[in-house]
Amino acid sequence: MATKQGKNDNRLSDKEALHIAETTDVSPRQAKELAEKHGKEKAEKEAKNFKAEG
């Protein structure tokens, strides 16, 4: 039986987090935290806003 990957799985892989970290100005850890908080789809947008606000 295959494992169920729900729609609400907002965890980023290390590769995804590294990509966001390279294209924005946050760390991979921060990228993962943003994805958990805002969702995987919005993580990169939030990462760009995160440093702009800070």
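These notes cover the structure that comes with them. In this text, all values refer to a predicted model and were calculated from it rather than measured experimentally.

A look at the nonpolar core
Phase 1 of the analysis: By size, the foremost hydrophobic cluster in this structure holds nine residues: Leu12, Ala17, Ile20, Val26, Ala31, Leu34, Ala35, Ala43 and Ala47.
Phase 2 of the analysis: It is helix α2 (residues 28–38) that provides the largest number of residues to this core, a total of three residues.
Phase 3 of the analysis: Aside from chain neighbours lying at most four places away, what touches Ala17 is Leu12, Pro28, Ala31 and Lys32.

Things to note about the pattern of salt bridges
Phase 1 of the analysis: Tallied over the entire structure, the rule returns four salt bridges.
Phase 2 of the analysis: Taking the shortest distance from any N to any O, the salt bridge between Arg29 and Glu33 comes out at 3.5 Å. Of this pair, Arg29 and Glu33 are both found in helix α2, four residues apart, which corresponds to roughly one turn of the helix.
Phase 3 of the analysis: On the basis of relative accessibility, which here comes to 63%, the residue Arg29 falls in the exposed class.
Phase 4 of the analysis: With a relative accessible area of 42%, Glu33 lands in the partly exposed category.

Thoughts on α2
Phase 1 of the analysis: All buried positions along α2 are accounted for by Ala31, Leu34 and Ala35. Down the axis of α2, the sector holding all buried residues measures 100°, keeping them to one side. Exposed side chains of α2 directed beyond 90 degrees from the buried face belong to Arg29, Glu36 and Lys37.
Phase 2 of the analysis: One or two positions beyond α2, positive phi appears at Gly39, with a value near 100°.

Parameters and conventions
Residues numbered from 1 in each chain as written. Predicted model: local features only at pLDDT ≥ 70, side-chain atom pairs only at ≥ 80, totals over all residues. Heavy atoms only, no water. Core = buried A, V, L, I, M, F, W, Y, C linked by side-chain atoms within 4.5 Å. Buried < 20%, exposed > 50% of the residue type's maximum accessible area, 1.4 Å probe, protein only. Helix = DSSP H or I, 4+ residues; strand = E, 2+ residues; numbered from the N terminus. Contact = heavy atoms within 4.5 Å. Salt bridge = Lys/Arg side-chain N within 4 Å of Asp/Glu carboxyl O. Arc of directions from axis to C-beta.

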